[in-house]
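# Coordinate inspection notes
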Amino acid sequence: MAAGYGTYNYSRAAYRKYDQNSYYVYGNVVRQAQAAPLRRPQVQERPAKPKRASRQVLKNRNRAMTISPAYALFLTVAAVCAVLVCVLYLNMQAGVVSRSENVTALQEELADLTEANTTRYNAAANSVNMETVRDRAMNEMGMVYASQGTVIEYDRPAGDYVKQYSDIPESGVLAKSGSFTR
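This is a predicted model, so every value here is computed, not measured.

### With respect to the overall build of the chain
Each helix and strand in the chain was counted, giving four helices and zero strands. Counting the 182 residues in the chain, one finds 3% classified as buried. Here the analysis covers contacts within the chain between residues at least 6 apart in sequence; of these, 16% occur between residues at least 24 apart. As displayed, the chain has an accessible area near 18,100 Å², and 58% of this comes from carbon and sulfur atoms.

### Concerning the confidence of the model for the chain
When the pLDDT values of the chain are averaged, the result is 77; 63% of them are 70 or greater. Highest mean pLDDT in the chain belongs to helix H3 (residues 69–127) (95); lowest belongs to helix H1 (residues 2–21) (50). Scored below 50 in pLDDT, residues 4–10 shows four contacts in the model against residues more than four places distant or in partner chains.

### Re the pattern of salt bridges
This model, assessed by the stated rule, comprises two salt bridges. Here Glu131 ties to Arg134 by a salt bridge, and the two come within 2.9 Å at their closest N and O atoms. Pair noted here: Glu131 and Arg134 are both in helix H4 (residues 130–139), with a separation of three residues, about one helical turn. On the basis of relative accessible area, Arg134 is assigned to the partly exposed category, the value being 35%. Note that Glu140 is salt-bridged to Arg136, the shortest N-O span being 3.0 Å. For Arg136, a relative accessible area of 47% translates into the label partly exposed.

### Focus: a nonpolar patch on the surface
Where nonpolar side chains cluster on the molecular surface, the patch consists of Ile67, Tyr71, Phe74 and Leu75 and spans about 430 Å² of accessible area. Inspection of the secondary structure puts Ile67 in the loop between helix H2 (55–65) and H3. Relative accessible area serves as the criterion here: at 55%, Ile67 is assigned to the exposed category.

### Quick look at a negative patch on the surface
Taken together, the side chains of Glu108, Glu109, Asp112 and Glu115 define an acidic patch exposed on the protein surface. Mapping Glu108 onto the fold places it in helix H3.

What counts and how
- Residues numbered from 1 in each chain as written.
- Predicted model: local features only at pLDDT ≥ 70, side-chain atom pairs only at ≥ 80, totals over all residues.
- Heavy atoms only, no water.
- Helix = DSSP H or I, 4+ residues; strand = E, 2+ residues; numbered from the N terminus.
- Buried < 20%, exposed > 50% of the residue type's maximum accessible area, 1.4 Å probe, protein only.
- Contact = heavy atoms within 4.5 Å.
- Areas by Shrake-Rupley, 256 points an atom, 1.4 Å probe, with all protein chains shown as cover.
- pLDDT = per-residue confidence, 0-100.
- Salt bridge = Lys/Arg side-chain N within 4 Å of Asp/Glu carboxyl O.
- Patch = residues over 30% accessible without salt bridge, like charges linked within 9 Å, V, L, I, M, F, W, Y side chains within 5 Å.
- Lys, Arg positive; Asp, Glu negative; His and termini not counted.
- Charge placed at Lys NZ, Arg CZ, Asp CG, Glu CD.

Here it is, written out as structure tokens:
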């Protein structure tokens, strides 16, 4: 066995010398990765017998393995808080999903009502023929187009609208004073 060990060291030393003094360069000055070093064969060792621990060490280990009541209470409170946070999160998430579904349903209802309204408006607009309305107004109701002198302009008193109870005077002035009488 001694001869094999000496030969192993010699070949390993020769490999190191070869590896340190020469290397390849391919188009750049960067060294190539070195080969994995040679390994010594593993010698199987006998399993060591575990040392027997003293009484004090065993006592300390047992004390370390037990949980104090305060630590147990802390762990219990932490677990309850974690569960409570998870339940609240799931409750809020369910509320968000419910509201989202409600918004989607309302948007679909709005789209349906808008489409129905547009359809009805177009049907009403198409049902009225303006030529028929003009013909009926002129022939049956005696309406005529406004001509020169038919339209009388007047100064409007303060207010948004005027109710006409009598004829507007030719001068176009309804009231001379600051007060308006009906």
